[in-house]
Each structure stands twice: as structure tokens, then as C-alpha cells.
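# Working through the structure, step by step
Here are the chains, one letter per residue:
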Amino acid sequence: MKGPVRPRYDPREVRVGIVHLGIGNFHRAHQAVYADDALAAGERDWAICGINLRSRDIVDRLNAQDGLYTLLVRGAGEGDAVSGTRARVIGALREAIAFAAEPKRATARLADPAVRIVTLTITEKGYADGVGGAIALLLDGLAARIAARAGPLTLLSCDNLSGNGDTLREVLAQAAARRGDRALAGFVAERIECPNTMVDRIVPATGQADIDEALALTGLADACPVATEPFTQWVIEDRFAAGRPDWARDGVAFVRDVAPFEAMKLRLLNAAHSALAYLGVPAGLDTVDRAIADPALRGFVERMWREDLAPGLPAEVRDAVPGYCRALLARFGNPALGHRLRQIAIDGSQKIPMRWLPAARAALAQGAVPDALAVAIAGWIRFLGGRGEGGEAWTIDDPLAAALAQRLDAAFAADSLATGPLAVLDRRVDAVLGFEPVFGDLAGHAGLAARVKHWHRRLHVEGTRGALE
Ligand code: CS2
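What counts and what doesn't
- Residues numbered from 1 in each chain as written.
- Predicted model: local features only at pLDDT ≥ 70, side-chain atom pairs only at ≥ 80, totals over all residues.
- Heavy atoms only, no water.
- 1 Å grid on protein atoms, 1.4 Å probe; cavity = no way out; pocket = protein on both sides within 12 Å on 5 of 7 lines; lining within 4 Å.
- Points joined across faces, edges and corners; volume = space filled by probe spheres on them.
- Helix = DSSP H or I, 4+ residues; strand = E, 2+ residues; numbered from the N terminus.
- Nonpolar A, V, L, I, M, F, W, Y, C, P; charged D, E, K, R; others polar.
- Domains from an automatic or database assignment.
- Buried < 20%, exposed > 50% of the residue type's maximum accessible area, 1.4 Å probe, protein only.
- Pairing = 2+ DSSP bridges.
- Near = heavy atom within 4 Å.
- Polar contact = N/O pair within 3.5 Å; in protein donor to acceptor, adjacent residues only side chain to side chain.
- Areas by Shrake-Rupley, 256 points an atom, 1.4 Å probe, with all protein chains shown as cover.
- Core = buried A, V, L, I, M, F, W, Y, C linked by side-chain atoms within 4.5 Å.
- Phe/Tyr/Trp six-rings, centres within 6.5 Å; stacked < 30°, edge-to-face > 60°.
- Lys NZ or Arg CZ within 6 Å of the ring centre and 35° of its normal.
- Contact = heavy atoms within 4.5 Å.
- Buried area = accessible area lost by both parts, 1.4 Å probe.
- Salt bridge = Lys/Arg side-chain N within 4 Å of Asp/Glu carboxyl O.
- Lys, Arg positive; Asp, Glu negative; His and termini not counted.

### Comments concerning empty space enclosed by the protein
- Across all of its chains, the model carries two cavities of 30 Å³ or more by this definition.
- Of the volumes computed, that of the largest cavity is approximately 50 Å³.
- Residue lining of the largest cavity: D159, N160, L161, N164, T197, M198, V199, E262, K265 and L266, and that is the complete set.
- The set of elements that each furnish at least two residues to the lining of the largest cavity consists of β9 (197-200) and α9 (259-280).
- Residues belonging to the lining of the largest cavity are distributed by class as follows: four nonpolar, three polar and three charged.
- When residues of the lining of the largest cavity are assigned to domains, at least three map to each of domain 1 (11-255) and domain 2 (259-468).

Here you go:
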């Protein structure tokens, strides 16, 4: 068997220029690979110091193997650019810090003049300012940076939020104002750049099969390999405060405005992912490739794209839509990824407002009811019940799970036996659709509610396949 592709540079001879917050699999299969490319091309100042905010498990595993890990790129089979699995050792992650264990070291890294870019993958919920969170750490780091006169900094959000850079800047500005620190507020206003970015690569959670395959392919025991697809994309607004790697060489697209790309990705890729998860899990489906191979679900996703999601996309990307959707079907169908629907189903309350609701809002504003999106929303509401068509159960992993459960429980009111099961189903729809933290101004929209109730009943009575066929 062929050995792994090793770093084309000596990892001991590079310097940290990027701090990353959130060293999960997505970071290690995306931004870290671009940093690795820059290091390999001879730009030796862009190694990464990764900081994990919550779990220290990944930090310990990485430190035990000098930050080196295997990237497994799995092709879909014949016709794909990659056939079989390719292994590559990534050397870009030179330091890993568990914030909870070493907060001072984390802050000091952010104040290091050699650090010129901070990248973030902290998920949608990470943008709420809280004790021990990323926003608090960033502000501490910026305050230390002011004290050290370490110079300006670029903060690159790599999360699936619309306007992720703008959101980050806004959250930082508000949090700085709450601290009442004028120097800090001034630094946030004038000395940092937060370009918007669109990031794309499908990266499932690591399982034992990945660990075994990494060992088989490379002969190296790796406790934290990452498996991913051949496709990768990064579009960034070219506003950097203190320089950047020459990433255009490595395939990054630098643009003036990311919004059209981000809308296309969130509304076509991520919206479909979430719909497949909430309709597929209750039907007993396990992975994205199985779900998209199901004719009822595939047909539904294509209808949702065609009728509700593609029409409102910005003019700049409209011509690209058919090709993009075709490519997505192939990416979703990659059987080598084993991308679990339950992983995608996590944090629905944070994802749905970015993925489904902008298009729903636009349609409703024009007097049309987005019927396919109503199916998807009904799917989420049924999913929140925690029980599938075959009786299987799951727990809801979502920061707003408790509030949602409370509303759903209240829907099963004292007169439920008298009003009958279908009325209870309708009340569950009202309970969730009326939840403003998710639905905002759409909460309680009568036209939308009527369609969601229709589909929610059908999903319960006929099951996913029956309702969609
Ligand atoms: C997925 C994304 O878990 C999810 O919610 O939709 O992580 C998706 O795989 C990536 O955005 C692909 O770039």
C-alpha cells in the first residue's frame, strides 16, 4: 500500500500566524488544509494555533501526536476526481490549547504580534456572548492586544451564518460596549476586519472505521483522523487588516461581496441537508447518501429547490444554480462518507432561520405560501417529538430544546382526549411556529401555519414516504 502524502515542509520550521477557535473536524478538513497548502508553498508564517472552547479531548489527542493528523479524502467512486480514499498528513496545526485549562495562554496567543488572522468555527450558537465563550475570549484577546501594541487583526468567521463576518463584528461591538471599555470598542471599530466568508466541505464526525482506515492506509496510528469529500470551496471578501496567505493560488476565491455565494450555499446545500435530516430520521434513514437515494426524498429536495429556494437567489448566481444542484446531488450521494443525518439534525433552532426562513419570508411577502418549505418545517416539528415511524427514539440536541419541549408539552392540554389526536397535532404546530426565537416575524403567520398543519398531519398519518409520494 502507498504511504500517506506527508507535509511538503518541516513542521518544526514554521511559525504560528493564525489562531483558530473551535478545532472540530470541519476546521481540520477545511481551513487547516488551506493553511497547510500555504506552508507547503513556502509561506512559513501561517501555521495555526488551535483553541478549543469546550471539550479538551481533541486537544489532548492532537498534542499526543504533535498536532499531526490524517486527512482522508473519500471519492464517490467511478467518475469522481478521487477514486477510493486518499490519505494526507496535515502539519499546519502547530499548537492546541484547551481554553478552560489554559485561559491565559489562549489570550496571550491572540495578543501575539505574529498572529494576524483569527479564524472561527464555533457553530451558530457560539455567537451569543457568554462567560467562557468565544466572544468573551476574543474580547480578552483584543484587550491584551491593545496593551501589547500588537497591531490590527483579521477575524474570519467560518460558520454557516448569513453575513457571518458582519454578525461577528456586530456581536463584538455590542459586547465591547457592554464592558464599557472605550479603548476596546475603538479597537473593534477601527483595527479589525471581519470579511464575510462562504465555506463549504462536507465533513462527517470521525468514527472507528476512519481510525482503522487511517492506520491501514498510512501505517501510522492516528487517534483523530478526519474524513471528508474531494470537494472544497472557500469564498472570502478580500479585506484583510494585516496581510494574508496568497490563497488564490490554493483555490480560494477572493471577492468583493460574498452574499450571493453564501445565499446559494445556505439555501441549496444546507437547506436540503436540514430537510433530509428532519424528514429522513423519523423514516428510519441513517445517512445522507441513503436519504438522497430514496426517490420520495430526492424528488422532494428537487421540488423544494425548484419551487421555493432557487427563485429568490441573487442574479449573480442564478445561472450557476442548475450545475450547483446537480453537483450537490452527486456530493450527497457519495456513499463513502457515511454522513449521519442525526449529526445534521443538531441545533435546528439555530440553523433553520438561516437555511429555510429567508426564502419562506420572501415568498410570503409576495403572497405565495412556500409549500415545500412548509413540508420541511412540519418535518422539524415532528422530529422534535423525538420518536420515529418505527418507534425508535432520539433526544433533541439543541440549545433551545428545553423551551421547545415546554411549548410542545403545553400543546397536549387537558382537553386533548376530547379534541382528538389531530387537534393535538395542530396545536403542536402552533406551539412551535409561535416560537419567536426561531420564527421571528413569521411566528403565527396564518397562511404558513395552515400549510404546515396540513403536512404535519400527513407526515404523522402517512409517514415521510407516504406523504411525499
Ligand atoms: C451541515 C453542514 O451539519 C450541518 O448542518 O449542513 O455542516 C454542511 O455539511 C456543511 O456546511 C458543508 O459545507
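### As for the pairing of strand β2 (residues 47-52)
- The buried fraction of β2 is high, at six of six residues.
- Alternating residues of β2 divide into A47, C49 and I51 and I48, G50 and N52, and every residue in both groups is buried.
- Inspection of the sheet shows β2 paired to strand β5 (residues 93-98) by five bridges, in the parallel sense. Residue pairing across strands places G50 opposite A96, the latter belonging to β5.

### Considerations on the site of the ligand
- The environment of the ligand is made up of N160, D200, R201, K265, N270, H273, H339, I344, K351 and R355.
- Within the contact set of the ligand, an oxygen atom lies 2.6 Å away from a side-chain nitrogen or oxygen of D200.
- Isolated, the ligand exposes 340 Å² of accessible area, and the fraction of that covered by the protein chains is 89%.
- Of all elements in the fold, only α9 and α15 (348-355) reach the threshold of two or more residues within the shell around the ligand.
- A per-element tally of the shell around the ligand places α9 first, with three residues.
- Grouping the constituent residues of the shell around the ligand by class yields one nonpolar, four polar and five charged.

### Here we look at the nonpolar core
- Core analysis: the largest hydrophobic core is formed by 72 residues, its most contacted members being L268, W305, F332, W356 and W380.
- Broken down by element, this core gets its largest block of residues, 11 residues, from α9.
- Within the second largest apolar cluster, 39 residues are counted, among which are V33, W46, V73 and V82.

### With respect to the packing of aromatic side chains
- The final tally for this structure, using the stated rule, is eight aromatic pairs.
- Judged by centre distance (5.2 Å) and plane angle (20°), the rings of F383 and W394 are stacked. Placement of the pair is F383 in helix α17 (residues 371-383) and W394 in the loop between α17 and α18 (401-411), with a sequence separation of 11 residues. When sorted by exposure, F383 lands in the same class as W394, which is buried.
- The ring of Y69 is capped by R28, whose NZ or CZ atom sits 4.7 Å from the centre of that ring.
- The aromatic ring of F240 is capped on one face by R244, whose charged end is 5.8 Å from the ring centroid.

### Observations regarding the environment of L329
- Turning to its location among the elements, L329 is positioned in helix α13 (residues 321-332).
- A C-alpha to C-alpha distance of 9.2 Å links L329 and E302, two positions 27 residues apart in sequence.
- Contacts of L329, omitting those with residues within four sequence positions, involve I292, R298, E302 and W305.

### Looking at the domain arrangement of the protein
- For the protein, the assigned domains read domain 1 (11-255) and domain 2 (259-468).
- Taking only C-alpha atoms, the centre of domain 1 and the centre of domain 2 are 30 Å apart.
- Listed per partner, the contact involves 26 residues of domain 1 and 24 residues of domain 2.
- Three residues stand out in domain 1 for area buried against domain 2, namely E124, K125 and I202, and they jointly supply 27% of the buried area on that side.
- The tally of links from domain 1 across to domain 2 stands at four salt bridges.

### Some words on the pairing of strand β1 (residues 16-21)
- Along β1, six of the six residues are buried, which leaves the element largely enclosed by surrounding structure.
- Taken together, the five bridges between β1 and β2 define a ladder with parallel strand orientation. By the bridge assignment, L21 is partnered in β2 with I51.
- Relative to strand β6 (residues 117-120), β1 runs parallel, the two sharing four bridges. Its bridge partner being in β6, L21 is matched across the sheet by L120.

### Here's the deal with the side chain of D398
- Turning to its location among the elements, D398 is positioned in the loop between α17 and α18.
- Buried within the structure, D398 lacks any salt-bridge partner; its nearest side chain of opposite charge belongs to K125, at an N-O separation of 7.4 Å.
- At a separation of 2.8 Å, a polar atom in the side chain of D398 contacts the main-chain amide nitrogen of L400.

### A closer look at the layout of surface pockets
- Approximately 300 Å³ is the volume attributed to the second largest pocket.
- Lining the second largest pocket are 15 residues, and of these V33, V73, R88, R201 and P230 lie nearest its centre.
- At the level of elements, α2 (31-40), β3 (69-74) and β4 (85-90) are the ones that each hand at least two residues to the lining of the second largest pocket.
- Class assignment of the residues belonging to the lining of the second largest pocket gives a composition of nine nonpolar, one polar and five charged.

### Concerning unusual backbone geometry
- With a phi angle near 55°, D66 is a residue other than glycine that sits in the positive phi range.
- Within the element layout of this structure, D66 appears in the loop between α3 (57-64) and β3.
- Of note, D347 is a non-glycine position whose phi angle comes to about 65°, a positive value.
- By the element assignment, D347 lies in the loop between α14 (341-345) and α15.
- For D347, a relative accessible area of 3% translates into the label buried.

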